[in-house]
Every structure is written in C-alpha cells, then in structure tokens.
Amino acid sequence: MSFFQIICGVLIGVLFAIKLKGIGSSFWIYISLGLSLFVLFYIINRLSFVMDFLNEVVNDIGLESGYFDILIKIVGISYLCEFASNLCKESGFLSVAGQIEMGGKLTMLVLSMPILFAIVDVVTSFL
C-alpha cells in the first residue's frame, strides 16, 4: 500500500470525523485515534527498513553502537511524545499535552547523558 493511498484514506476518515463532530457525536475522537494509530503503525513498519540500513552502516563504519542506540531511542521518544501530545491537544486536554511534552524532554535529556559525558571526555582530552 503506497503512502498516497494511506493519505487518501486518512483524509476520508478525517472528513467523516469532522462530520460526526459537527453533529455533536463523540465518536469523532475514536476515529481520530484510529486514524492516528493506523498512520503511526504504517510509519513504524517503514521505519524498520531504515533502522536495518542504519545498523548496517554503523557496523560497517565500526562506530560504537551504544551511542547510536541511544540516539534512536531519543528520536523514538520524540515521535511518540509528539503523537500523544497531538492527540491530547485534539481532545482538548492542553495541560496534559504540555506535561507529556515536558516529560518527553526530560526523558530525552536523561537518555542523552552518556553522550554528553563522552563529548566532555573528548573535549577535555584535547586540553
């Protein structure tokens, strides 16, 4: 299934959800959630090909894969936090969306500490 087909299907679903929202039905949020999850799983499926390629590149170059794994986790956390935050904003829970964003940023900061320490070690070794 091509991404063009996915986009067309999602746009039809969005139009249906807008119609339901306009008549006062609360089912529009379930349609929105379902469409979002559908696109998320499609992207995750496509992302696995990219991850396999990047792992091969890291192995061929000989870089330490631990730092690469940390960077991939940080990117994944940022995508998931944005996904959850957008769903909360769409539902009207702006304060929850803000907390999700803050929690994601703090989690990414904690995960990036080994990389920061490695950078500091490299810089101090030059001095």
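That block above? That's the structure.
Reading the values: the criteria
Residues numbered from 1 in each chain as written. Predicted model: local features only at pLDDT ≥ 70, side-chain atom pairs only at ≥ 80, totals over all residues. Heavy atoms only, no water. Helix = DSSP H or I, 4+ residues; strand = E, 2+ residues; numbered from the N terminus. Buried < 20%, exposed > 50% of the residue type's maximum accessible area, 1.4 Å probe, protein only. Contact = heavy atoms within 4.5 Å. Areas by Shrake-Rupley, 256 points an atom, 1.4 Å probe, with all protein chains shown as cover. Lys, Arg positive; Asp, Glu negative; His and termini not counted. Charge placed at Lys NZ, Arg CZ, Asp CG, Glu CD. Core = buried A, V, L, I, M, F, W, Y, C linked by side-chain atoms within 4.5 Å. Salt bridge = Lys/Arg side-chain N within 4 Å of Asp/Glu carboxyl O.

Enquirer: Explanation requested: the overall build of the protein in the structure shown.
Expert: Looking only at helices and strands, one finds five helices and zero strands in the protein. Beginning at the N terminus, the succession of helices and strands in the protein can be written as α-α-α-α-α. Its C-alpha atoms put the protein at 65 × 35 × 15 Å along the principal axes. The burial tally for the protein puts 22% of its 127 residues in the buried class. Within the protein, contacts between residues at least 6 apart in sequence are counted, and of these 57% link residues at least 24 apart. If you sum the accessible surface of the protein, you get close to 9200 Å²; carbon and sulfur atoms cover 73% of it. Charge separation in the protein, taken as the distance between the mean sites of 6 positive and 9 negative side-chain charges, equals 19 Å.

Enquirer: Would you mind going over the environment of G76 with me for this structure?
Expert: Mapped onto the fold, G76 is located in helix α3 (residues 65–91). Through-space distance from the C-alpha of G76 to that of R46 is 14 Å; in sequence the pair is 30 residues apart.

Enquirer: Looking at this structure, I do not really get the environment of G13. What am I missing?
Expert: Among the secondary structure elements, G13 is positioned in helix α1 (residues 3–22). Once the C-alpha coordinates of G13 and Q99 are considered, the two residues, 86 residues apart in sequence, prove to be 28 Å apart. Ignoring sequence-local partners within four residues, the contact set of G13 consists of I31 and L35.

Enquirer: Looking at this model, I keep getting lost on the nonpolar core. Mind explaining?
Expert: Soluble globular proteins tend to bury their nonpolar side chains together. Of all hydrophobic cores here, the largest spans eight residues; its members are I6, V10, A17, L20, W28, I31, L35 and Y42. Elements that contribute at least two residues to this core include exactly α1 and α2 (28–61). By size, the runner-up hydrophobic cluster in this structure holds six residues, among which are I70, I77, C81 and M108.

Enquirer: What's the story with the pattern of salt bridges in this structure? I'm lost.
Expert: Any two side chains of opposite charge can pair, on the condition that their charged atoms come close. Applying the stated criterion across every chain yields a total of one salt bridge. K89 serves as the salt-bridge partner of E101, at 3.1 Å between the closest nitrogen and oxygen. On the criterion of sequence distance, the pair formed by E101 in helix α4 (residues 94–111) and K89 in helix α3 is long-range, its members being twelve residues apart. Given a relative accessible area of 30%, E101 falls into the partly exposed group. Its relative accessible area of 39% is what places K89 among the partly exposed residues.

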